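Letter by letter, the chains look like this.
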Amino acid sequence: MATSDLMTFVAGSTPVLLNVPHAGTALPNEIKNRLRKDALELKDTDWHVDQIAGPCSELGIGIMAASFSRYVVDLNRSAENTPLYSGPTTGLVSQIDFDGRPLYLEGLEPDAADVQARIQTYWAPYHQALNAEIQRIKTQYGICVLIDLHSIRSQVPRLFDGVLPDLNLGTNSGTSTAAVFEVSAEKALQAGSYSFVKNGRFKGGYITRHYGQPDQNIHALQLEMAQSAYMEEHAPWNLLPRKADKLKTMVQKLASALLEELSTYQLAARA
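The following paragraphs examine the structure supplied in this document. Bear in mind that the values here come from a model prediction, so they are computed numbers and not experimental data.

## Thoughts on the overall build of the protein
The helix and strand inventory of the protein stands at seven helices and seven strands. Computed over its C-alpha atoms, the radius of gyration of the protein comes to 18 Å, within 12% of the 18 Å expected for a compact globule of 271 residues. The principal-axis extent of the C-alpha atoms belonging to the protein is close to 65 × 35 × 35 Å. When burial is assessed residue by residue, the protein has 53% of its 271 residues classed as buried. At a minimum sequence separation of 6, the contacts of the protein that also span at least 24 residues come to 79%. Of the charged side chains in the protein, 24 are positive and 29 negative, and the gap between their average positions amounts to 3 Å.

## Here's the deal with the sheet that holds strand S7 (residues 218-226)
Adjacent strands of a sheet form backbone hydrogen bonds with each other and so pair up, either parallel or antiparallel. Taking strand neighbours across the sheet as the criterion, the seven strands line up as S1-S3-S2-S4-S7-S5-S6 in an open arrangement whose pairing is mixed. The strands lining the two open edges of the sheet, one partner per strand, are strand S1 (7-10) and strand S6 (196-198). Averaged over all pairs of adjacent strands, the angle between strand axes in this sheet comes to 15°, irrespective of strand direction. Of the pairings in the sheet, the one linking S1 to strand S3 (residues 62-66) comprises four bridges and is antiparallel in character. Note on S3: the bridge partner recorded for Met7 is Ala66. Seen against the sheet, helix H4 (residues 112-141) touches S1, strand S2 (16-20), S3, strand S4 (144-152) and S7 and runs at an angle of roughly 165° to S2.

## Details of unusual backbone geometry
Cis geometry is found at the peptide bond from Ala235 to Pro236, where omega equals 5°. In this structure, Pro236 sits in the loop between S7 and helix H7 (241-270). Phi at Ser173 is positive, roughly 60°, even though this residue is not glycine. With respect to the element layout, Ser173 can be found in the loop between strand S5 (167-170) and helix H5 (179-190). By relative accessible area, which is 47% here, Ser173 ends up partly exposed. One non-glycine residue, Asn217, lies in positive phi territory at about 65°. Within the element layout of this structure, Asn217 appears in the loop between helix H6 (206-211) and S7.

## Notes on the nonpolar core
In this structure, Leu18, Leu130, Leu149, Leu167 and Met225 are the most contacted members of the largest nonpolar core, which totals 84 residues. Apart from residues lying up to four places away in sequence, Leu149 is in contact with Leu18, Asn19, Val20, Pro21, Asp46, Val49, Ala53, Leu223, Met225 and Val251.

## Side note on the pattern of salt bridges
One pass over the full model with this rule turns up 16 salt bridges. Residue Arg70 is joined to Asp46 by a salt bridge in which the shortest nitrogen-to-oxygen separation is 3.7 Å. With Arg70 in the loop between S3 and H4 and Asp46 in the loop between helix H2 (29-32) and helix H3 (49-53), the pair connects residues that are 24 residues apart, well separated along the chain. With a shortest N-O distance of 3.5 Å, Asp99 and Arg101 are connected by a salt bridge. Accessibility expressed as a relative area gives 25% for Asp99, which makes it partly exposed.

## With respect to H4
Count 3.6 residues to each turn of an α-helix, and residues three or four apart come out pointing the same way. When the terminal C-alpha atoms of H4 are compared, their 41 Å separation across 30 residues agrees well with the 44 Å that a helix rising 1.5 Å per residue should span. Considering bend angle alone, the principal kink of H4 is centred on Ile119 and spans about 40°. One or two positions beyond H4, positive phi appears at Gly142, with a value near 85°.

## Focus: the environment of Leu259
With respect to the element layout, Leu259 can be found in helix H7. Judged by relative accessible area, Leu259 falls into the buried class, the value being 18%. Counting along the chain gives 226 residues from Leu259 to Asn33, while the straight-line C-alpha distance between them is 44 Å. In contact with Leu259, other than residues within four places in its own chain, are Thr14, Pro15, Val16, Leu59 and Ile61.

## Description of the packing of aromatic side chains
The full count for this structure, using the stated rule, is four aromatic pairs. Seen in terms of ring centroids, Phe68 and Tyr122 are 5.1 Å apart; in terms of plane orientation they differ by 55°. Their pairing is tilted. Here the residue Phe68 occupies a position in the loop between S3 and H4, and Tyr122 occupies one in helix H4, the gap between them amounting to 54 residues. Both residues of the pair, Phe68 and Tyr122, count as buried. Ring geometry for Trp123 against Tyr206: centres 5.9 Å apart, planes inclined by 45°, an arrangement best described as tilted. Of the two residues, Trp123 sits in helix H4 while Tyr206 sits in helix H6, which places them 83 residues apart along the sequence. Taking the relative accessible area as the measure of exposure, Trp123 reaches 10% and is therefore buried. Residue classification places Tyr206 among the buried residues on the basis of a relative accessible area of 16%. Across the ring face of Phe202, the terminal group of Arg201 is positioned such that the distance to the ring centre comes to 4.9 Å. The aromatic ring of Tyr194 is capped on one face by Lys246, whose charged end is 4.9 Å from the ring centroid.

Reading the values: rules and limits
- Note that residues are indexed from 1 along each chain, following the sequence as it is written.
- Reporting of local features is limited, given that this is a predicted model, to residues whose pLDDT is at least 70; pairs of side-chain atoms are given and counted only at 80 or more, and all residues count toward the totals for whole chains, interfaces and linings.
- Computation of side-chain values: all heavy atoms of the structure, hydrogens and water removed.
- Where helices and strands are cited, they refer to DSSP runs of H or I of at least four residues and of E of at least two residues respectively, numbered from the N terminus.
- Our radius of gyration is a C-alpha quantity, and the globule rule it is checked against amounts to 2.2 Å times the number of residues to the power 0.38.
- Note on classification: 1.4 Å probe, protein chains only; a residue is buried when its accessible area is under 20% of the maximum for its type, exposed when over 50%, partly exposed between these limits.
- Working rule for contacts: check all heavy atoms of both residues, and any pair within 4.5 Å makes them a contact.
- Asp and Glu are treated as the negative residues and Lys and Arg as the positive ones, with His and the ends of the chain left uncounted.
- Where a charge sits is defined by one atom per residue type, namely NZ (Lys), CZ (Arg), CG (Asp) or CD (Glu).
- Strands are labelled as partners when DSSP assigns at least two bridges between them.
- In this analysis, axes come from line fits to C-alpha atoms, helices being fitted only over the stretch in contact, and the angle between any two N-to-C directions falls in the range 0 to 180 degrees.
- Here, nonpolar core refers to any group of buried Ala, Val, Leu, Ile, Met, Phe, Trp, Tyr and Cys residues whose side-chain atoms link them within 4.5 Å.
- We count a salt bridge whenever a side-chain nitrogen from Lys or Arg sits within 4 Å of a carboxyl oxygen from Asp or Glu.
- To estimate how far a helix should reach, multiply one less than its number of residues by 1.5 Å.
- Throughout, the bend at a residue refers to the angle made by two axes, fitted to the seven residues ending there and to the seven starting there.
- The rule is short: rings of Phe, Tyr and Trp, with Trp giving its six-membered ring, pair when the centres are within 6.5 Å, and they are stacked under 30 degrees, edge-to-face over 60, tilted in between.
- Lysine and arginine charges are scored as sitting over a ring when NZ or CZ, respectively, is within 6 Å of the ring centre and within 35 degrees of the ring normal.

Shown next as structure tokens:
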């Protein structure tokens, strides 16, 4: 399968890269035909997040986004399917949705060979492309800042209690980025009218934890957005234009704040 079938990519001209691993909805027929009818709603998709990210390209920020559904394989899990959190979750090739309901028709669940095939066909090429772009940016600029952008329904009782804050910044408890970028992101996200939390339920998934290597001048931050902040949280998952435009502006402000911090950070590094 060609890399162009797996993702969309808009090249940037700055050291910041924005990644959207869960907004894709493409399903190969071989997988689609095995899913339960309710699973075909793809309700765990990070709906429209590629559109929320889009205006950041105006700042010279590169944007990479997966085309295929997380029900094919979850790009934010390790290939070894190592659990990210101690509580309930979903897996690399999950057989359940966020609510714990089965995704597959009985007897048609993926086996070990199927999982390995999906890793080879989808997971590995995407991560190869993501890593290649991170390394290209680092080679050109001496540093890379990765924003991993996600969204989720504001209420998923199986995964977290109550209502999720609008904006959830994750830095793996401060280990995936230098403190200056964490502080800059926090200030930008708190400057608006959205509710906010840092390193709460969502501290950063595999992408943030794996690629965020501050000692190697690669800094990663995850932003998980509550879908109530920009869309209807039920099928057909419509975007709410006024809310969406406001959130696009906030994500742009986050990206802009990181770009400004980069200038200061690089000057200090040269001193």
